[in-house]
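Next come the chains, spelled out residue by residue.
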Amino acid sequence: EVQLVESGGGLVQPGGSLRLSCAASGFTFNNYAMSWVRQAPGKGLEWVSGISGGGGSTKYADSVKGRFTISRDNAKNTLYLQMKSLTPADTAVYYCAAKRGFATVVIATRSYQYDYWGQGTQVTVSS
């Protein structure tokens with residue numbers, strides 16, 4: 001059974017930091033490009049960041065560039081998103097998603113554009 005399980009969300013004050021994790025199982029993790037996609041309250045899905053299967057290529061949305069860092073540990077089948085300098089605008093449910101492809105970074109916002117999609121973790125930035 002394929003699973004993507006996000007964790008690490010929570011309530012944080014503006015300016016604070018969080019690290020999200022996404023534990024993958026049931027597929028060959030390093031053969032898949034991974035992305036983080038978020039959905040703020042009352043808004044549509046927004047692609048946040050992506051990383052290639054080998055981890056050598058990364059991309060970020062302009063809204064998070066310089067504040068968020070995506071990484072992966074293929075030995076642990078885990079994807080990460082280190083977030084710093086958080087603002088209320090970062091409040092959202094964060095989803096991890098997987099798309100088969102070793103060398104590419106996937107920039108997509110819809111679940112049907114990926115092979116696998118997690119259940120999400122809530123991040124709330126508020127004082």
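This text goes with the structure placed above it.
Residues numbered from 1 in each chain as written. Predicted model: local features only at pLDDT ≥ 70, side-chain atom pairs only at ≥ 80, totals over all residues. Heavy atoms only, no water.

Participant: Give a detailed account of the state of the cysteines, specifying residues and quantitative values.
Facilitator: For the coordinates displayed, the defined rule picks out one disulfide. Covalent S-S linkage joins cysteine 22 and cysteine 96, the inter-sulfur distance amounting to 2.0 Å. Because the torsion about its S-S bond is 55 degrees, the bridge between cysteine 22 and cysteine 96 counts as right-handed. You can see cysteine 22 sitting in strand β3 (residues 18-25) and its partner cysteine 96 sitting in strand β9 (residues 92-100), a full 74 residues away along the chain. Accessibility expressed as a relative area gives 0% for cysteine 22, which makes it buried. (Disulfide = S-S within 2.5 Å. Helix = DSSP H or I, 4+ residues; strand = E, 2+ residues; numbered from the N terminus. Buried < 20%, exposed > 50% of the residue type's maximum accessible area, 1.4 Å probe, protein only.)

Participant: Provide a residue-level description of the pairing of strand β1 (residues 3-7), including the pertinent values.
Facilitator: Here β1 shows one buried face, formed by Leu4 and Glu6, and one open face, formed by Gln3, Val5 and Ser7. By the bridge criterion, five bridges tie β1 to β3 in an arrangement that is antiparallel. Bridge pairing in β3 links leucine 4 to alanine 24. (Pairing = 2+ DSSP bridges.)

Participant: Help me get a handle on the side chain of threonine 78, residues and values and all.
Facilitator: Along the polypeptide, threonine 78 turns up in strand β8 (residues 78-83). Among the residues examined, threonine 78 registers a relative accessible area of 12% and is labelled buried. Of note is the side chain of threonine 78, whose polar atom sits 2.8 Å from the backbone oxygen of lysine 76. Aside from chain neighbours lying at most four places away, what touches threonine 78 is Ser21, Cys22, Ala23, Phe29, Ser71, Arg72 and Asp73. (Polar contact = N/O pair within 3.5 Å; in protein donor to acceptor, adjacent residues only side chain to side chain. Contact = heavy atoms within 4.5 Å.)

The analysis is restricted to geometry; functional conclusions fall outside its scope.
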